[in-house]
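# Summary of the model geometry
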Amino acid sequence: MTTLDTHFASYDDYHKTKGNKVTHYLGIPLIVFSAFGLLSHIPLPAPDWFTIGLVAWLFSSAYYVKLDKKRGAQFSVLTLVIYLVSRWIGWKAHVALFVVGWILQLVGHYKYEKKAPAFITNLSHLLIGPFWIYCNLMSPAKPTN
């Protein structure tokens, strides 16, 4: 079993009900979009385009590519587009989207799954969740590592 398989198996244990999965398929993209958007409004002492959001994208992309080269690279391109689009939206809208995303997550866990979110026991699930959704929706093939 690869590291990614282990992460996904652990994540799957917290996401078994249809209601919880639906709330995650809506909530996690909102959280990712708004997180990148919020972080894109925090400049670093460098050119205008160099932000905390770009640094977050670089580190998360390296993590995803390490887990699965092909799908990690694909997801990195998608998240770069998300980052670039999110820069055009004001921070207040991102705060609202972030809150809505987390409300959906909590409803999924407490109403449908009846179990605390996975990241409570394993913080890496904060990064695994978006990749889990991407892999389940876009490329259900086995990891390529």
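Residues numbered from 1 in each chain as written. Predicted model: local features only at pLDDT ≥ 70, side-chain atom pairs only at ≥ 80, totals over all residues. Heavy atoms only, no water.

## Section: unusual backbone geometry
Positive phi is not limited to glycine here, since Lys114 has a value of about 60°. Along the chain, Lys114 falls in the loop between helix 5 (91–113) and helix 6 (125–138). (Helix = DSSP H or I, 4+ residues; strand = E, 2+ residues; numbered from the N terminus.)

## Observations regarding the side chain of Thr79
For Thr79, the position within the fold is in helix 4 (residues 69–86). Look past the residues within four positions of Thr79 in its chain and what remains in contact with it is Phe36, Trp57 and Ser61. (Contact = heavy atoms within 4.5 Å.)

## Structural notes on the packing of helix 2 (residues 18–40) against helix 4
One way to put it is that helix 2 packs onto helix 4 with a least axis distance of 8 Å and a crossing angle of 55°. Compared by their axis directions, helix 2 and helix 4 come out oblique. Read as a crossing pair, helix 2 and helix 4 show a hand that is right-handed. Together, Phe33, Phe36, Gly37 and Ser40 of helix 2 and Thr79, Ile82, Tyr83, Val85 and Ser86 of helix 4 make up the contact between the two elements. Partitioning the contact of helix 2 with helix 4 into residue classes produces 5 nonpolar, 4 polar and no charged. (Axes fitted to C-alpha atoms, helices over the stretch in contact; angles between N-to-C directions. Parallel < 35°, antiparallel > 145°, perpendicular 65-115°, else oblique. Left-handed = near helix turned anticlockwise from the far one by under 90°. Nonpolar A, V, L, I, M, F, W, Y, C, P; charged D, E, K, R; others polar.)

## A look at the nonpolar core
Phe8, Tyr11, Ile128, Phe131 and Trp132 are the most contacted members of the largest nonpolar core, which has 20 residues in total. Mapped onto this core, the elements with two or more residues apiece are helix 1 (3–12), helix 2, helix 3 (52–67), helix 4 and helix 6. Considering each element in turn, this core owes the most residues, 6 residues, to helix 6. Not counting residues up to four positions away in its chain, the partners in contact with Phe8 are Ile128, Phe131, Trp132 and Cys135. (Core = buried A, V, L, I, M, F, W, Y, C linked by side-chain atoms within 4.5 Å. Buried < 20%, exposed > 50% of the residue type's maximum accessible area, 1.4 Å probe, protein only.)

## Quick word on the packing of aromatic side chains
By the definition in use, this model includes 12 aromatic pairs. An angle of 55° between the planes, with centres 6.2 Å apart, marks the rings of Phe8 and Phe131 as tilted. Here the residue Phe8 occupies a position in helix 1, and Phe131 occupies one in helix 6, the gap between them amounting to 123 residues. Accessibility assignment for this pair places Phe8 and Phe131 in one class, buried. Considering the side-chain rings of Tyr11 and Trp132, the 4.8 Å spacing of their centres and the 55° angle between planes classify their relative orientation as tilted. (Phe/Tyr/Trp six-rings, centres within 6.5 Å; stacked < 30°, edge-to-face > 60°.)

## Thoughts on the pattern of salt bridges
Using the criterion set out here, one finds 2 salt bridges in the structure. Here Lys16 ties to Asp13 by a salt bridge, and the two come within 3.7 Å at their closest N and O atoms. For Lys16, a relative accessible area of 54% gives the class exposed. Its relative accessible area of 38% is what places Asp13 among the partly exposed residues. Two residues, Arg71 and Asp68, come together in a salt bridge whose shortest N-O distance is 3.2 Å. As far as the burial class goes, Arg71 and Asp68 line up, both buried. (Salt bridge = Lys/Arg side-chain N within 4 Å of Asp/Glu carboxyl O.)

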